[in-house]
Amino acid sequence: MTNTYLISGAALPDGTRTDIVLRDGVLAELGTGLSAAGAQRIDADGLVALPGLVDLHTHLREPGYEQSETVLTGTQAAAAGGFTAVFAMANTSPVADTAGVVEQELSLGEQAGYATVQPIGAVTVGLAGEQLAELGAMASSRARVRVFSDDGACVWDPVLMRRALEYVKSFDGVIAQHAQEPRLTVGAQMNEGAVSGELGLTGWPAVAEESIIARDVLLAEHVGSSLHICHVSTAGSVDVLRWAKARGIRVTAEVTPHHLLLDEELVRSFDARYKVNPPLRRREDVLALREALADGTIDIVATDHAPHPVENKDCEWDAAANGMVGLESALSVVHASVVQTGQLNWTDVARVLSSEPARIGRITSHGQGLVVGAPGHVTVYDPSASRAFGTADLAGKGVNSPYLGRTLPGRVIATFHSGFATVLDGQLRPADEVAGSAEQRMAARV
Amino acid sequence: MSARVVLQQADIARALTRISHEILESNRGADDLVLLGIPTRGVLLADRIAGIISEITGTPMEAGSLDVTMYRDDLAKHPTRTPAPTRIPASGIDGKTVILVDDVLYSGRTIRAALDAINDIGRPRAVRLAALVDRGHRELPIRPDYVGKNLPSAQTERINVRLAELDGADLVSIDSAAS
Amino acid sequence: MRHLLSTRDLDQESAVRLLDVAEDMADTQQREVKKLPTLRGKTVVNLFFEDSTRTRISFEAASKRLSADVINFSAKGSSVSKGESLKDTAQTLQAMGADAVVIRHPASGAPQTLATSGWIDAGILNAGDGTHEHPTQALLDAFTIRKRVHGIASRGRNLDGLSVTIVGDILHSRVARSNVWLLTTLGATVTLVAPPTLVPVDTRAWPVTISYDLDEALAAGPDVVMMLRIQGERMRDAFFPNSREYSRRWGLDDGRLHRLDPTTIVMHPGPMNRGLEISAAAADSPMSTVREQVTNGVSVRMAALYLLLSGDREN
């Protein structure tokens, strides 16, 4: 098995044409007319080379919900989508609220080899919102947890939120808030507005998100800590964030690909693939989110990849689970929603999908960009392709993608994680091959 | 399509007059007689026969209508039919002689449905059948008591009855698909 | 008609056609023999995930008078309450050869999911889904209004020029939604009256006028006043302070009844909370159509079943 790759004739995010040599896990050479003995050659003429993508918001479901996804299948989905690192959300069973669970997730990721799995720790024990989890133990564990989130649930108690923000200052941690005022969203099924009124679905008002963000940026300011807002979904939230950033508050924010492309009109079909939390919003929210991503008010795109078994979506709307798979389609959806509209160029894409998420997540092994000496995380993307997105494009266990049947631009041609190919010719490399290279790499490190 | 005219307005008028006389003759007058037309054109024919009988007897006579849609056996084979109203003269049909009136008698299935429909409305003393045209090809043991004209036809042909009230002119033609 | 899921997607022509067929059905219901052979051999399943004896027996009567075989499948005490999914239930009904499924479900959109899922080929008739729609209720209301106003000359008529005021819990009412779409499609003008807490937050796209003041709305002299059932549990969720205040501000009490023009039509979809949203005198007055609504419900549902199940299903 080769551990040298020559990617020839790729365009860097800034448009420069170059060859790229990956050797022994690192980006060894950049330049034109490169050759490398024994290298596997990837013809990247007309393709874009991006730094390996980093997802700050992934649900890998393992341990506990292996029927939905495992670390292996989830990172396969990640690789297929061009991701080389994923932050695994804490709402597993058991919840990732102890050093033991986060170290287990880290190990599973290392064994699978498709992507770096960086665990996120729970803020509160069992995500119950009552008692702080052992944040320090998780931070000093082998998993080196820096991002803490009760995602799926809001850290609603203002005192608890304040304490969490304060506590993580000792190890430069960040609290990632799922902003949802629980009392305002009891039984909520979709965005509250014109469509919910017609369909008779219980509304999820924008104010339930905006009021929590407003409270938390003020708390972060008060205690001088850093706050990250998960899946921002409304124009009002953008306004609050813009205000907070102008004030110098250390707040970062993410938007999901689906909130950049899809809107609440889709709910009229009662097709549960469109059921997600926070819900799809109005068209004007979608446009405001795109603008906010372009002007930096929103820092990054994160997938909120949320696989579910078929039976949890193949049912009436109220009974359906919230969430969409998103890793495999993320880059194409970003391409369609903000690149094709001219709001982001490929340098911006590298920023919002690689360097910034790595910086917010406090990992240094990713997000360094395509520079000589950086770890060999590279995504090769064909921006001129166009495909009817189908289940064959999904690599994880979940098929709950809202894009099935939709035409999406672009295609991931190759993904390299730590210098090894996880995707070549648009096809996922076999699990044993990828695990084998991961094993080599681990052995080399010792 | 080629159309061949088989009955002109005068032929139709003559046929209806003859049918009216035959009805009166076999019924021995207009007492206890109820004319029920089958929508759409059977209703118009029943009205005309009632008018002729009124003239002959000097006593006004009213025809009703009997919609058979809900009794048909071929509902699943055609686009959904919209039913037409059923109007039964106030005196009802119990113990009366009901004359069913239709424009074209063909398979007999419409009349079968009409007999069922009558059965749900009351119990007449007798039910008779008048048709402007009998084109044959019966699929059930049903025969008319009064016929305007026998028109042997091929099953590929279409008998087209037009009446002034609805179509602007009285005319019966045979339309055959051009070969 | 392949399915009847909502009134929102009915155009005026098909709505009037359905009401006209209901007139024919109503005529047959005056006879001694009320049963028609029309749907002989067809199987209609009443699939009720919510208790509603009134609606179920109305559909059952409608199916039986058209000679369809009726299977009542109630979620209570069945495999459904043991966690069987809507999909499994639908596939069971498909295997049993159901030709039509009349579904009542607490989840908005469940009938549409059933109709579009491919789990079952049967025609789907929405008998009330969550707080979304209840199309046959609106159709029977429209039928009742048309009959009161136009009498035997109803066939072919729409509701042009009529004003209808619907009063009560609009937010949670599938009856209100179905009536808003249907009555306006038929040409009526609709006013909704409710406490602001019980109106959806954004109704700009609704073809209605919204008022918070019942007396003002009644003073405008509507042709029809439709009172909706108010559920007691709403006061626990702070939609209004208590039933006394609700009744005083939004109930059709005797005082308001006497101020109405005597030709006003007073409607209620039932079951009524007498003394809360409607006084006993209003419910029992000659202006009230409450009992006609029940009678007409059978005719309208016969018409819906006929249009759903007769005719070539491919069309």
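Criteria and cut-off values
Residues numbered from 1 in each chain as written. Chains lettered and ligands numbered in written order. Predicted model: local features only at pLDDT ≥ 70, side-chain atom pairs only at ≥ 80, totals over all residues. Heavy atoms only, no water. Helix = DSSP H or I, 4+ residues; strand = E, 2+ residues; numbered from the N terminus. Buried < 20%, exposed > 50% of the residue type's maximum accessible area, 1.4 Å probe, protein only. Expected span 1.5 Å × (residues − 1). Polar contact = N/O pair within 3.5 Å; in protein donor to acceptor, adjacent residues only side chain to side chain. Core = buried A, V, L, I, M, F, W, Y, C linked by side-chain atoms within 4.5 Å. Contact = heavy atoms within 4.5 Å. Domains from an automatic or database assignment. Buried area = accessible area lost by both parts, 1.4 Å probe. Salt bridge = Lys/Arg side-chain N within 4 Å of Asp/Glu carboxyl O. Nonpolar A, V, L, I, M, F, W, Y, C, P; charged D, E, K, R; others polar.

Attention shifts here to unusual backbone geometry. Residue threonine 40 of chain B is reached from proline 39 of chain B by a cis peptide bond, and omega for that bond is 5°. In this structure, threonine 40 of chain B sits in the loop between strand S2 (33-37) and helix H2 (41-57). Note the cis peptide between glycine 270 of chain C and proline 271 of chain C, where omega equals -10°. Within the secondary structure layout, proline 271 of chain C lies in the loop between strand S9 (265-267) and helix H10 (280-284). One non-glycine residue, leucine 127 of chain A, lies in the positive phi region at around 55°. As for its position among the elements, leucine 127 of chain A is in the loop between strand S8 (116-119) and helix H3 (135-139). You can call leucine 127 of chain A buried: its relative accessible area is 19%.

Our focus in this paragraph is helix H6 (residues 174-185) of chain C. Residues and elements named next belong to chain C. Its twelve residues give H6 an end-to-end C-alpha distance of 17 Å, which sits within 8% of 16 Å, the value for a rise of 1.5 Å per residue. Among the residues making up H6, those that are buried are Arg174, Val175, Ala176, Arg177, Ser178, Asn179, Val180, Trp181, Leu182 and Leu183. By the N-cap criterion, in which a side-chain oxygen at the helix start approaches the backbone nitrogen of a residue two or three places on, H6 is capped by serine 173, the distance to valine 175 being 3.3 Å. Count one or two residues on from H6 and you reach glycine 187, which has phi positive near 105°.

The next thing to look at is the nonpolar core. Among the nonpolar cores identified, the biggest contains 82 residues, and Leu100 of chain B together with Met25 and Ile166 of chain C are the most heavily contacted of them. Examining the composition of this core, we find that ten residues originate from one element, helix H11 (residues 290-309) of chain C, more than from any other. Discounting chain neighbours no more than four positions away, the residues touching leucine 100 of chain B are Leu36, Leu66, Ile111, Ala114, Leu115, Ile118, Val127, Arg128, Leu129 and Ala130 of chain B. If you look at the next biggest cluster of nonpolar residues, it comprises 75 residues, including Val145, Phe148, Ile229 and Val334 of chain A.

Here we take up the domain arrangement of chain C. Often, the extent of an interface is quoted as the loss of accessible area on bringing the components together. Residues and elements named next belong to chain C. One can read the domain layout of chain C as domain 1 (7-134 + 295-309) and domain 2 (136-289). Between the C-alpha centres of domain 1 and domain 2 there is a distance of 25 Å. Residue-level contacts link 32 residues of domain 1 with 30 residues of domain 2. Of all residues in domain 1, the largest losses of buried area upon contact with domain 2 belong to Leu19, Glu23 and His134, amounting jointly to 25% of the total for that side. Remark: the boundary between domain 1 and domain 2 carries six salt bridges. Among the ionic pairs, arginine 146 bridges to glutamate 23, the shortest N-O distance being 3.7 Å. Linking domain 1 with domain 2 are 19 residue pairs in polar contact (both at pLDDT 80 or more). Residues of the side of domain 1 that touches domain 2, tallied by class, amount to ten nonpolar, ten polar and twelve charged.

Moving on: the side chain of glutamine 180 of chain A. Residues and elements named next belong to chain A. With respect to the element layout, glutamine 180 can be found in the loop between strand S10 (174-177) and strand S11 (190-191). Side chain to side chain, glutamine 180 and histidine 178 meet in a polar contact 2.8 Å long. Side-chain polar atoms of glutamine 180 contact the side chain of threonine 185, separated by 3.0 Å. Once you skip the residues sitting within four places of it in the chain, glutamine 180 turns out to touch Cys154, Thr185, Trp204, Ala208, Ile212 and Asn277.

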